[in-house]
Amino acid sequence: MPSNTYYNLPTTKKDKIFKMALEEFTNNSYNDASITRMVETLKIAKGSIYQYFNNKKDLYFFLIEQVSTKKLEYISSNVKFETSDFIELYKQILKIGTRFDIEYPTYSIFLSKVFSGNHDPFKNETIDSMKLMSDNYIKNLIIQARDNGQIRKDIDIELIAFFLTEITTNIGRYIMKKNDINQQKLVSNIKNDTLNIQIEKALDDTLELIKKGILA
């Protein structure tokens, strides 16, 4: 994680470093992402970056933590927690997560690349760290719903959280595969009416599957 030197920088400078680093790792694989390219664009000394972060991996994991946190905070600030229906609450989370992807396409593409694990030498470590954040977030909602009598108490909370986390983090992959598009095309075309209808149906079918299972 960043040093105190980084946190003591003016907000505008921190934002510039964050934005440039995010673009570099979004547009390139981990191995191809270049600190040199970043500092040249920022017009700062290369050594400055290493005053703020221990190494390239440190910067990469900082981006993952920051972007994941921003998405969870965005969801929390937009979800109407007063609803007593857990399925409705979970549907809100999925839809608001999709809205986040529309409003912050660079964040969305970056997270998708991390989850894909392509060309990432820390694949298991990065995916596990992101899923842990999502898992903890969902687990708290499950506990509240179970206490309110909406979720069965005979099923392990860890299993339910794992199941829902996998859905939350992979629903986008299903939509991309179904429509034969990649993350960039999904984000750029997500306002398309036809695609929106398909996304809505995928979310509704997912929730129906959670409520009723797969048996006829």
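Residues numbered from 1 in each chain as written. Predicted model: local features only at pLDDT ≥ 70, side-chain atom pairs only at ≥ 80, totals over all residues. Heavy atoms only, no water.

The name given to the protein in an unreviewed UniProt entry is TetR/AcrR family transcriptional regulator, and the organism recorded there is Vallitalea maricola.

Enquirer: Even after reading the chapter, I still don't get the overall build of the protein, so can you show me in this structure?
Expert: Per the secondary structure count, the protein includes 11 helices and 0 strands. Along the protein, helices and strands appear, N-terminal first, in the series α-α-α-α-α-α-α-α-α-α-α. Its C-alpha atoms give the protein principal-axis dimensions of roughly 60 × 40 × 30 Å. With 216 residues in all, the protein has 44% of them scored as buried. Across the protein, every contact between residues at least 6 apart in sequence was considered, and the portion connecting residues at least 24 apart equals 65%. For the protein, the exposed area adds up to about 12500 Å²; of that, 50% sits on carbon and sulfur atoms. (Helix = DSSP H or I, 4+ residues; strand = E, 2+ residues; numbered from the N terminus. Buried < 20%, exposed > 50% of the residue type's maximum accessible area, 1.4 Å probe, protein only. Contact = heavy atoms within 4.5 Å. Areas by Shrake-Rupley, 256 points an atom, 1.4 Å probe, with all protein chains shown as cover.)

Enquirer: Whenever I open this one, the packing of aromatic side chains confuses me. Can you help?
Expert: Two aromatic rings are characterised by how far apart their centres lie and by the angle between their planes. Throughout the structure, instances matching the rule amount to 19 aromatic pairs. Ring plane angle 35 degrees and centroid distance 5.2 Å describe the contact between F25 and Y60, whose orientation is recorded as tilted. Of this pair, F25 sits in helix 2 (residues 11–27) while Y60 sits in helix 5 (residues 56–78), placing them 35 residues apart in sequence. What makes Y60 buried here is its relative accessible area of 5%. Among the aromatic residues, those joined into a cluster by ring pairs are F25, Y30, Y60, F61, F110 and F122. A cation over an aromatic ring shows up here: K56 above the ring of Y30, its NZ or CZ 4.7 Å from the ring centre. Seen from the ring of F18, K70 lies directly overhead, with NZ or CZ sitting 5.5 Å from the centre. (Phe/Tyr/Trp six-rings, centres within 6.5 Å; stacked < 30°, edge-to-face > 60°. Lys NZ or Arg CZ within 6 Å of the ring centre and 35° of its normal.)

Enquirer: Explain the confidence of the model for the protein here, please?
Expert: Any region with low pLDDT has predicted coordinates that should not be read closely. Overall, the prediction assigns the protein a mean pLDDT of 85, with 92% of residues at 70 or greater. For the protein, the element scoring lowest by mean pLDDT is helix 10 (residues 183–189), at 64; helix 2 scores highest, at 95. (pLDDT = per-residue confidence, 0-100.)

Enquirer: Is there a simple way to think about the environment of K91 in this case?
Expert: Relative to the helices and strands, K91 is located in helix 6 (residues 86–103). Sequence separation between K91 and T69 is 22 residues, and the spatial gap between their C-alpha atoms is 20 Å. Beyond its immediate stretch of four places on either side in the chain, K91 contacts E200, D204 and L207.

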